[in-house]
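Remarks on the overall topology
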Amino acid sequence: MRLNRVRRIGRGLFNLMIGRTGKICFTLLVLVVAGFALLNARYPLDIESRLNTSVTVYAKDGDVLRQFATDSGIYRIPVNAKQVSDYYLTCLLEYEDKYFYHHLGVNPFSLVRAVYQQLRYGRVISGGSTITMQVARLFYPHHRTYAGKLQQIFRALQLELNYSKDQILTLYLTYAPMGGNIEGVEAASQRYFGKSAQYLSPAEAALLVAIPQRPTLHRPDRYPFKAFEMRNKVLRRAASALALSDQDLTLMLESPLNASRHFAPLHAPLLARRLKTAHSQRSKIDTFIHYTVQVDVEQVLKSRAKQWSKPLSAAVMVMDNRSGEVIAYKGSAELSDSDRFGYVDMTRASRSPGSTLKPFIYGLALDSGLVDSGSLLLDVPSSFAGYSPKNFDHRFDGAIRLDKALQKSKNVPAVQVLYYLGPSEFVSALAKAHIELKTEQPNLAIALGGVGVRLEDLVALFSAIGREGEVILPRYVASDAEQTMPLLSPGSSWIIRSILQDIAPPDRVKPAYGRKIAWKTGTSYGYRDAWAVGSSERYTVGVWIGRPDGAPYVGQTGANQAGPVLFDIFDLLPQEQPELTRPASVQARTICWPSGLDSTLVKSADCLQPQPSWTLKRHTPPTLRDRSSWSVMHQWPEPLEHWARRSGRALVEAPQTQLTILAPKNNSQIFPYQGQVLALQANDSNAVWYLNDQPLELPSLDLINMPAGQYRISACNVRCDSVSIILH
């Protein structure tokens, strides 16, 4: 009886104790939850307002063009777990927080262990912070005290309440301190290893896991020995999770750090600055820039600029005609060169275009029915509505065809055509194509560059030559809408294109791949601006060279300064498909000078000079002239007759024959002897000579100093002729 009574009393006491403990635990739990709720309401989590990452501008293939630091000078690139190496994630979780995906932001066992070790040894042996707690401290820094630790725990619980595990991990990957002004694994990978975090090796990943423990002390660029030790510590702890064999682990532990400070990339810097301003809310800006082409363009300018006077700068733009995507952009010769005003983006500066607008004066006149490619134009001293233009070289050719006038960039004929077309009509036509010319009042000086225009507008304008007369505006990022506008008819565009393609390159026989390039140069008044703009079927390239402060640079022309750069850049571009086919609207006809009419409509006695011509729909307009009646149609225009009498020159010179190399003959076999000099002869004494596409100073070759082999000799005026010789 007594034993049973004792048992009943024992069970009663036990149940009483359990009940009281449960109540106490439940009460404590309620108090903790209530306290957390009150604190959470009083001190809400505010992460979004504290987010601030670097702006990074990328090429189309993902390479970094330029990265801007934050306002506080920090380089920090947003990145998530899918964008970093699996080796890094494995090392991070194994070393920092093995149970990251299982706890509620705090690992009580790790905290107890850390406190016990600190009390026993009098110093910190191991940390008790989870990744969530570390993120909490990054955004809410605190002193290393017990009160600070409680604050960190509170913020960690808030993080777990408001964010998913992947979001918390993303915050750590982006904001973890990596030494100096570097934060986040992506920025650290680029600065220490020169590559993206997705390509980290196990050893590299281990180092980046170790650095945040003590960011200043573990920097590999300053304290390589300490960084080496910490990397190996992480590798040993993560070896099993990484599935490393003993041999692999030994090799990694002995491998050098191979980490140093890599400077941030700096390509297309002025475009990057422009896009950062235009897209201020973005931390990542993806462009259409082709990284390889961009780097090659920069190298071309760097090489060319070494030969220039210090104040000269340059700007280059390369655009894909099909889509308007800008694949290369160089706003100045060198960003850091203050003598060249390198910080000024000259692709957007309004400058005098020189003669670069002439093709479009002629193209619009073709569409207006005023001219055809063989039309008789005036190249004599003339006055149009009181405006008296002069040719660049102060020489006159008298009667000249439209195509030759454009190829030679004659000023007087261009002004004559603009006079009949109308300056206001020309400006209006370009404005409808979204090409704005800066001028207070349209006038005839537009033909010679008396207007302001930007390089990017000229690139858009010349794209029409490669797009059957349709302008496409440059696009820099995917959000830029594709905008196209008609400017010329396909027929007019093809005629202008064929004329400009026949202009010989400035310092080579032909472009790479035999590419057909319709190009035009321009030189502004006082040699202030040198231009060269060209269009192939696939690409349009624009080049400007000059002083950003507007000062003249005597002797600089589009032909000798910008033209060679234009062809250097075209030679960098990929091979293209065959050129555009001739539209059905373009017909070959023979016209008669001086009337300009189709030869079938003119008596043989009145056809003083037959001329082949490309026409639109077989329309052969009469010669432009100030006439009161049609009775003078078959007479030379009076200004031409007066000039011929004064100068003693014939109105029409004998037609120029096709350039032909006379000596040496093609496929000549030559056995040189001591002192032999081979004279080069062509049917044009003014031809420019080339050996294997390299210009020659004199029309001769010193054969004895040339190695045996096959050579190509070329001569050029407007067109070129080439022969091959073999030296034995």
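Residues numbered from 1 in each chain as written. Predicted model: local features only at pLDDT ≥ 70, side-chain atom pairs only at ≥ 80, totals over all residues. Heavy atoms only, no water.

Under an unreviewed UniProt entry, the name given to the protein is peptidoglycan glycosyltransferase, and the source organism is Vibrio xiamenensis. Among the UniProt annotations of the protein, the heading Pathway (unreviewed entry) holds the following wording: "Cell wall biogenesis; peptidoglycan biosynthesis." (UniProt positions renumbered as here; feature names shortened; annotations may be inferred.)

**Digging into the overall build of the protein**
In terms of helices and strands, the protein carries 20 helices and 25 strands. Relative to its length of 728 residues, the protein is extended, with a C-alpha radius of gyration of 38 Å against a globular reference of 27 Å. Seen through its C-alpha atoms, the protein measures out along the principal axes to roughly 155 × 70 × 45 Å. In the protein, which comprises 728 residues, the share counted as buried stands at 51%. A separation of at least 24 residues holds for 68% of the contacts in the protein among residues at least 6 apart in sequence. For the protein, the exposed area adds up to about 35,300 Å²; of that, 53% sits on carbon and sulfur atoms. Counting 81 positive and 63 negative side-chain charges, the protein places the averaged centre of each group 12 Å from the other. (Helix = DSSP H or I, 4+ residues; strand = E, 2+ residues; numbered from the N terminus. Rg over C-alpha atoms; globule rule 2.2 N^0.38 Å. Buried < 20%, exposed > 50% of the residue type's maximum accessible area, 1.4 Å probe, protein only. Contact = heavy atoms within 4.5 Å. Areas by Shrake-Rupley, 256 points an atom, 1.4 Å probe, with all protein chains shown as cover. Lys, Arg positive; Asp, Glu negative; His and termini not counted. Charge placed at Lys NZ, Arg CZ, Asp CG, Glu CD.)

**A few points about the packing of helix α2 (residues 86-96) against helix α8 (residues 202-210)**
Where α2 contacts α8, the axes come no closer than 8 Å and their chain directions differ by 45 degrees. Judged by the inter-axis angle, α2 sits oblique to α8. In the packing of α2 onto α8, the handedness of the crossing is right-handed. In this structure, α2 uses Y87, Y88, C91, L92, Y95 and E96 to contact α8, whose residues at the interface are P202, A205, A206, L208 and V209. Residues belonging to the contact of α2 with α8 are distributed by class as follows: 10 nonpolar, no polar and 1 charged. (Axes fitted to C-alpha atoms, helices over the stretch in contact; angles between N-to-C directions. Parallel < 35°, antiparallel > 145°, perpendicular 65-115°, else oblique. Left-handed = near helix turned anticlockwise from the far one by under 90°. Nonpolar A, V, L, I, M, F, W, Y, C, P; charged D, E, K, R; others polar.)

**Section: the domain arrangement of the protein**
According to the domain assignment, the protein consists of domain 1 (60-65 + 267-351 + 454-582), domain 2 (74-254), domain 3 (586-647) and domain 4 (661-727). Each of domain 1 and domain 3 has a C-alpha centre, and these two points are 38 Å apart. Summed over both sides, the interface of domain 1 with domain 3 buries roughly 460 Å², with 77% coming from carbon and sulfur. On the domain 1 side of the contact with domain 3, W494, I495 and R582 bury the most area, a combined 74% of that side's loss. Connecting domain 1 to domain 3 are 1 residue pair in polar contact (both at pLDDT 80 or more). (Domains from an automatic or database assignment. Buried area = accessible area lost by both parts, 1.4 Å probe. Polar contact = N/O pair within 3.5 Å; in protein donor to acceptor, adjacent residues only side chain to side chain.)

**Overview of the packing of aromatic side chains**
Taken as a whole, this structure holds 9 aromatic pairs when the rule is applied. Relative to Y101, the ring of F100 has its centre 4.9 Å away and its plane inclined at 75 degrees; by these criteria the two rings are edge-to-face. Judged by its relative accessible area of 0%, F100 falls in the buried class. On the basis of relative accessible area, Y101 is assigned to the partly exposed category, the value being 42%. Here the aromatic rings of F392 and Y527 are separated by 6.0 Å at their centres, their planes lie at 75 degrees, and the arrangement is edge-to-face. Taken as a pair, F392 in the loop between β8 (376-379) and β9 (398-401) and Y527 in the loop between β12 (518-523) and β13 (529-535) lie far apart in primary sequence, 135 residues in all. The exposure class assigned to F392 is partly exposed, which follows from its relative accessible area of 48%. Linked through ring pairs, F384, Y419 and Y420 together constitute an aromatic cluster. The residue whose ring lies beneath R191 is Y75, and the NZ or CZ to ring-centre distance is 4.5 Å. (Phe/Tyr/Trp six-rings, centres within 6.5 Å; stacked < 30°, edge-to-face > 60°. Lys NZ or Arg CZ within 6 Å of the ring centre and 35° of its normal.)

**Brief notes about the sheet that holds strand β14 (residues 539-546)**
Sheet strands associate in pairs through backbone hydrogen bonding, adopting either a parallel or an antiparallel arrangement. The strand order β7-β6-β14-β13-β12 describes an open sheet built from 5 strands, whose pairing is antiparallel. Pairing within the sheet leaves two strands with one partner each, and these edge strands are β7 (326-330) and β12. The mean inter-strand angle of the sheet, taken between neighbouring strand axes irrespective of direction, is 5 degrees. One ladder, built from 8 bridges, connects strand β6 (residues 313-320) with β14; its direction is antiparallel. (Pairing = 2+ DSSP bridges.)

**Comments concerning the UniProt feature "domain: Penicillin-binding protein transpeptidase" (unreviewed entry) in the protein**
Residues annotated by UniProt as "domain: Penicillin-binding protein transpeptidase" (unreviewed entry) correspond here to residues 315-542. Taken end to end, residues 315-542 is 27% helix and 18% strand, and its two terminal C-alpha atoms sit 8 Å from one another.

**Some points on the side chain of R66**
Take R66: it is sitting in strand β2 (residues 64-68). No salt bridge is formed by the buried R66; the nearest opposite charge belongs to D345, separated by 9.6 Å. Only 2.9 Å separates the side chain of R66 from the backbone oxygen of P269, close enough to count as a polar contact. (Salt bridge = Lys/Arg side-chain N within 4 Å of Asp/Glu carboxyl O.)

**A word on the environment of L217**
When you line up the elements, L217 lands in the loop between α8 and α9 (224-238). Overall, L217 belongs to the partly exposed group, its relative accessible area being 28%. Along the chain, L217 and A227 lie 10 residues apart, while their C-alpha atoms are 7.7 Å from each other. Discounting chain neighbours no more than four positions away, the residues touching L217 are Y223 and K226.

**Notes on the environment of Y88**
Note that Y88 resides in helix α2. Measuring from C-alpha to C-alpha, the distance between Y88 and A243 comes to 14 Å, with 155 residues separating the pair along the chain. Ignoring anything within four residues of it in the chain, the contact list for Y88 reads Y172, L173, M178, V185, L200, A205, L208 and V209.

**Focus on empty space enclosed by the protein**
Taken as a whole and assessed by the stated rule, the structure comprises 2 cavities of 30 Å³ or more. Here the largest cavity is characterised by a volume of approximately 60 Å³. Every residue along the wall of the largest cavity is listed here: I465, E468, P490, S493, W494, R497, L580, T581 and P583. By residue number, the principal contributor to the lining of the largest cavity is helix α18 (residues 490-501), which donates 4 residues. (1 Å grid on protein atoms, 1.4 Å probe; cavity = no way out; pocket = protein on both sides within 12 Å on 5 of 7 lines; lining within 4 Å. Points joined across faces, edges and corners; volume = space filled by probe spheres on them.)

**Some thoughts on α2**
Taken together, the buried positions of α2 are Y88, L89, C91, L92, Y95 and E96. Down the axis of α2, the sector holding all buried residues measures 165 degrees, keeping them to one side. Residues of α2 that are buried in the fold lie against α4 (131-139), α6 (165-175), α7 (185-193), α8 and α9. N-cap assignment for α2: the residue whose side-chain oxygen lies 3.0 Å from the backbone N of Y87 is S85. (Arc of directions from axis to C-beta.)

**What to know about the nonpolar core**
Ranked by size, the top nonpolar core spans 119 residues in total, and within it Y362, F426, V471, L487, V543 and I545 carry the most contacts. With 8 residues, the single largest contributor to this core is helix α17 (residues 455-466). Each of domain 1 (60-65 + 267-351 + 454-582) and domain 3 (586-647) contributes no fewer than three residues to this core. Judged by nonpolar contacts, the second largest core, of 60 residues, contains A136, I182, V209 and A238. (Core = buried A, V, L, I, M, F, W, Y, C linked by side-chain atoms within 4.5 Å.)

**What to know about the state of the cysteines**
Enumeration over the complete set of coordinates arrives at 1 disulfide. A sulfur-sulfur separation of 2.0 Å characterises the disulfide bridge that pairs C592 with C607. Across the S-S bond linking C592 and C607, the dihedral sits near -90 degrees, which makes this disulfide left-handed. With C592 in strand β15 (residues 586-593) and C607 in the loop between β15 and β16 (609-616), this pair connects stretches of sequence that are 15 residues apart. Judged by relative accessible area, which is 0%, C592 ranks as buried. A relative accessible area of 16% places C607 in the buried class. (Disulfide = S-S within 2.5 Å.)

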